[in-house]
Structure formats: C-alpha cells, structure tokens
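Analysis of the macromolecular model
The primary structure of each chain is shown beneath.
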Amino acid sequence: MRANRPYFIYRIADVKFVQTWKRLVKLYLNQPTFYAAILRGLFAGEGSIKTGSHSSRILRLAQARRKKTFEKIFDSLSLTYTFTKKNRTYSFTHKNNWDIFAKHKLCDLHPDKRIKFWNAYSSYKEEHYRSHFIRNKLYNLLGQPRTTERLAKYFSRSPARIYDVLSAKKKQGKVIN
C-alpha cells in the first residue's frame, strides 16, 4: 500500500539455501573490494536523502542499531558519519561525503534517489571547510616562512581571513612574524 509502484518480495524457506546465503554474505562483507557495491545496495534499500531549507543536505542510512560491519565499510571509504539512536540513522553531512557518494555512484541503484541525489549534489556552489580547518592546517604549512597572500591562494580564501587566523595564533604566542 505504501509503495510508489508495485513490487514483489520473494521469501525462500529452504534451510540449505539460507545457510549458503549467510556464508556468501560473510565472505563478501570481509572483502574491501566489494564495500562500495555493498553500500550501494544498502543505500538503495535503507537510504534516504534529506534536503532542507538553507541548503541543508543530509544522506541517511536507516538502521535500528549501530553495526560494526557497516562502520568498517564507512571508515574504509573515508566517510564521516554520526549515528543517532533516537532517529535510528547513520547521517552523512558535508560535501566531502557527498563527493565520495558521487565518486562511487552509491545512490545510482534506486532511480528516485539517483535523481534527488544528483540534483542536490549539483546545487553545491562552493567548497566549505569544516570548523577550524584552516587553523589546524596552518601548523603543517608554517615550517618555513610564508606570506598571507601565498597562504590565501593555498586555502582559496582572502588574505584578510588568513590574517585573522594568524593574528589569533600570534596573540596566543604560537606564531611569530
């Protein structure tokens, strides 16, 4: 009744077949080469795409409980996620997660989700850094003297923004001219 289009569910009650199926699932869950394909199938069945006001975009994967095997797959694909017990979902935010989903075409198995994903993904206008990204990354770059203009080009930000971060570090005594 709740489906958009008719579908069939096949139930197989043969004990030998179920045992063979479980062995196959364990075998493939332990092979990293199949992680993207496994996640593609999971997302087709249990995934959702939430787009809201103010350009909020969230990819979600519904699960009743945290699953170590799924988290191993997420970690191997370099996805950053949060699990909310109340909502029973894994949530993927930030553009770098969307880039990974696009690269591996993880939303392309389900036709409706594919359209919604690519519409939301193409609506990104610019790259945003995570909180304190520039501040944390500066330490690695300041092994040798650099100008604010050169750092601004590296981070694709204005020299004024880089100066703000550097002046805060200078007040803390962590950076010198």
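Heads up: these notes are all about the structure in this document.

What counts as what
Sequence positions are assigned chain by chain, starting from 1 and proceeding in written order. Confidence filtering applies because this is a predicted model: local features only for residues at pLDDT of at least 70, side-chain atom pairs given and counted only at 80 or more, and all residues used for totals across whole chains, interfaces and linings. Side-chain descriptors were evaluated using all non-hydrogen atoms of the structure, hydrogens and water having been removed beforehand. What we call a nonpolar core is a set of buried Ala, Val, Leu, Ile, Met, Phe, Trp, Tyr and Cys residues that are connected through their side-chain atoms within 4.5 Å. Classification of residues uses two cut-offs on accessible area relative to the type maximum, computed with a 1.4 Å probe and protein chains only: under 20% is buried, over 50% is exposed, and between them is partly exposed. A run of H or I in DSSP counts as a helix once it spans at least four residues, and a run of E counts as a strand once it spans at least two, with each numbered from the N terminus. Contact criterion: two residues are considered in contact whenever any of their non-hydrogen atoms come within 4.5 Å of each other. Between 30 and 60 degrees the pair is tilted, below 30 it is stacked and above 60 it is edge-to-face, where a pair is any two Phe, Tyr or Trp rings, Trp via its six-membered ring, whose centres lie within 6.5 Å. Criterion for a charge above a ring: Arg CZ or Lys NZ at most 6 Å from the ring centre, at most 35 degrees from the ring normal. Between Lys or Arg on one side and Asp or Glu on the other, a salt bridge is scored when a side-chain nitrogen of the former is within 4 Å of a carboxyl oxygen of the latter. Directions from the helix axis toward the C-beta atoms define the arc. Each pair of strands is called paired provided DSSP finds at least two bridges between the two strands. Between N-to-C directions, angles span 0 to 180 degrees; the directions come from axes that are lines fitted to C-alpha atoms, helices contributing only their stretch in contact.

1. A look at the nonpolar core
- Judged by nonpolar contacts, the single largest core of 26 residues is most densely connected at Leu39, Leu59 and Phe101.
- Here this core takes six residues from helix α2 (residues 35-46), the largest share from any one element.
- Ignoring sequence-local partners within four residues, the contact set of Leu59 consists of Phe43, Ser48, Ile49, Tyr90, Ser91, Phe92, Trp98, Phe101, Cys107 and Phe117.
- Core analysis: the second largest hydrophobic core is formed by ten residues, Leu138, Leu151, Ala152 and Ile162 among them.

2. A closer look at the environment of Lys95
- Among the structural elements, Lys95 can be located in helix α4 (residues 95-104).
- Taking the C-alpha atoms as reference points, Lys95 and Arg130, 35 residues apart in sequence, are found 9.7 Å from one another.
- Those residues in contact with Lys95 that sit more than four places away from it in its chain are Tyr121, Tyr124 and Glu127.

3. Digging into the packing of aromatic side chains
- By the definition in use, this model includes 16 aromatic pairs.
- Centroid distance Phe74 to Tyr90: 5.1 Å. Interplanar angle 75 degrees. Geometry classified as edge-to-face. Of this pair, Phe74 sits in helix α3 (residues 68-76) while Tyr90 is found in strand β4 (residues 89-92), placing the two residues 16 residues apart along the sequence. The residues Phe74 and Tyr90 share a single accessibility class, namely buried.
- Relative to Tyr90, the ring of Tyr81 has its centre 5.8 Å away and its plane inclined at 75 degrees; by these criteria the two rings are edge-to-face.
- By way of ring pairs, the aromatic residues Phe43, Phe74, Tyr81, Phe83, Tyr90, Phe92 and Phe101 are connected into one cluster.
- The ring centre of Tyr124 lies 3.9 Å from the NZ or CZ of Arg57, which sits over that ring.
- Over the aromatic face of Tyr124 sits the side chain of Lys95, whose NZ or CZ is 5.7 Å from the ring centroid.

4. Topic: the side chain of Asn97
- Locating Asn97 in the fold gives a position in helix α4.
- Residues in contact with Asn97, not counting those within four places in the same chain, are Ser78, Leu79, Thr80, Phe92 and Arg130.

5. Here we look at the pattern of salt bridges
- Evaluated as defined, the whole model comprises two salt bridges.
- With its nearest N and O atoms 2.7 Å apart, the salt bridge here joins Glu71 to Arg66.
- Note that Asp99 is salt-bridged to Lys95, the shortest N-O span being 2.9 Å. Residue Asp99 and its partner Lys95 are located together in helix α4, separated by four residues, close to a single helical turn.
- Asp99 sits in the partly exposed class, given a relative accessible area of 24%.

6. Let's talk about helix α6 (residues 133-141)
- Within the span of α6, buried status applies to Ile134, Leu138 and Leu141. Angular distribution of buried residues about the axis of α6 spans 65 degrees; they occupy a single face of the element.
- Where α6 is buried, its residues touch α7 (148-155) and α8 (159-171).

7. With respect to the sheet that holds β4
- The strand order across the open sheet built from four strands is β1-β2-β4-β3, with neighbouring strands paired in antiparallel fashion. Two strands in the sheet have a free side with no partner beyond their single neighbour: β1 (47-51) and β3 (82-84). Within this sheet the neighbouring strands show an average axis-to-axis angle of 30 degrees, counted without direction.
- In terms of strand pairing, strand β2 (residues 57-62) meets β4 through four bridges, oriented antiparallel. Looking across to β4, one finds that Leu59 is bridged to Phe92.

That is the geometry; function is a separate question.
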